[in-house]
Amino acid sequence: FFTLQVGFTKGTYVFLSWLTRKLASINLVVVCVLVYAVGLIMFLLPPVPGVPVYIFAGIVIADVSSRKLGDNGFYIGIFIACWIGFFCKL
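Residues numbered from 1 in each chain as written. Predicted model: local features only at pLDDT ≥ 70, side-chain atom pairs only at ≥ 80, totals over all residues. Heavy atoms only, no water.

> Can you break down the overall build of the chain residue by residue, with the values?
In terms of helices and strands, the chain carries 4 helices and 0 strands. The order of α-helices and β-strands along the chain, N terminus first, is α-α-α-α. Taking 2.2 N^0.38 as the reference for a compact globule, 90 residues should give roughly 12 Å; the C-alpha atoms of the chain span a radius of gyration of 13 Å, in line with that estimate. A principal-axis box enclosing the C-alpha atoms of the chain has dimensions of 45 × 25 × 15 Å. Burial analysis of the chain (90 residues in total) assigns 33% to the buried set. Contacts in the chain between residues at least 24 apart in sequence constitute 63% of all its contacts with a sequence separation of at least 6. Only carbon and sulfur atoms are counted for the fraction: they give 73% of the accessible area of the chain, which is about 5,800 Å². (Helix = DSSP H or I, 4+ residues; strand = E, 2+ residues; numbered from the N terminus. Rg over C-alpha atoms; globule rule 2.2 N^0.38 Å. Buried < 20%, exposed > 50% of the residue type's maximum accessible area, 1.4 Å probe, protein only. Contact = heavy atoms within 4.5 Å. Areas by Shrake-Rupley, 256 points an atom, 1.4 Å probe, with all protein chains shown as cover.)

> Tell me what's going on with the environment of alanine 24, and back it up with residues and numbers.
Within the secondary structure, alanine 24 sits in the loop between α1 (2–22) and α2 (28–44). Remark: the alpha-carbon pair of alanine 24 and cysteine 88, spanning 64 residues in sequence, is separated by 21 Å. Discounting chain neighbours no more than four positions away, the residues touching alanine 24 are Val64 and Arg67.

> I'd love a proper account of the packing of aromatic side chains, names of residues and values included.
For the structure on display, the rule yields 7 aromatic pairs. Centroid distance phenylalanine 74 to tyrosine 75: 5.5 Å. Interplanar angle 80°. Geometry classified as edge-to-face. Residue classification places tyrosine 75 among the exposed positions, given a relative accessible area of 60%. Of the aromatic side chains, those joined through ring pairs into one cluster are Phe79, Trp83, Phe86 and Phe87. (Phe/Tyr/Trp six-rings, centres within 6.5 Å; stacked < 30°, edge-to-face > 60°.)

> Account for the side chain of serine 65, with residues named and values stated.
By secondary structure assignment, the location of serine 65 is in helix α3 (residues 51–69). Exposure remark for serine 65: the relative accessible area of 0% places this residue in the buried category. From its side chain, serine 65 meets the backbone oxygen of isoleucine 61 in a polar contact 2.9 Å long. Not counting the four nearest positions on each side in its chain, serine 65 is found in contact with Leu28, Gly70, Gly73, Phe74 and Gly77. (Polar contact = N/O pair within 3.5 Å; in protein donor to acceptor, adjacent residues only side chain to side chain.)

> An account of the nonpolar core is needed here, citing residue identities and associated values.
Judged by nonpolar contacts, the single largest core of 19 residues is most densely connected at Leu23, Val31, Val35, Phe56, Val60 and Ile61. Those elements that place two or more of their residues in this core are α1, α2, α3 and α4 (73–89). Leaving out residues up to four positions away in the same chain, leucine 23 has contacts with Val31, Leu34, Val35, Phe56, Val60 and Val64. (Core = buried A, V, L, I, M, F, W, Y, C linked by side-chain atoms within 4.5 Å.)

> Report on α2, specifying residues and quantitative values.
For α2, built from 17 residues, the straight-helix expectation of 24 Å at 1.5 Å per residue is met to within 8% by its first-to-last C-alpha distance of 24 Å. Listing the buried residues of α2 in full gives Leu28, Val31, Cys32, Val35, Val38, Gly39 and Met42. Projected down its long axis, α2 carries its buried residues within an arc of 135°, all on one side. In α2, the exposed positions angled more than 90 degrees off the buried face are occupied by Val29, Val33, Ile41 and Leu44. (Expected span 1.5 Å × (residues − 1). Arc of directions from axis to C-beta.)

In structure tokens form, the structure reads like this:
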């Protein structure tokens, strides 16, 4: 059990890091939909911890929105990431 738990945790970080690089140049709406889908799938897997999903959503959406929306894009992205994380957890 311990090996499975540690392996899934490390694998989750590696997968989400890879996905962050792939989503950096995509449209904000598409990124939000993909982050929601990935978050929902990750929450459905029992050995995956929830914290990396929230961190992933915050980093990716805030980064993409700050690039696409300008000055206040970072704060808008954080707001969107909070709501997407909330709805993923429901």
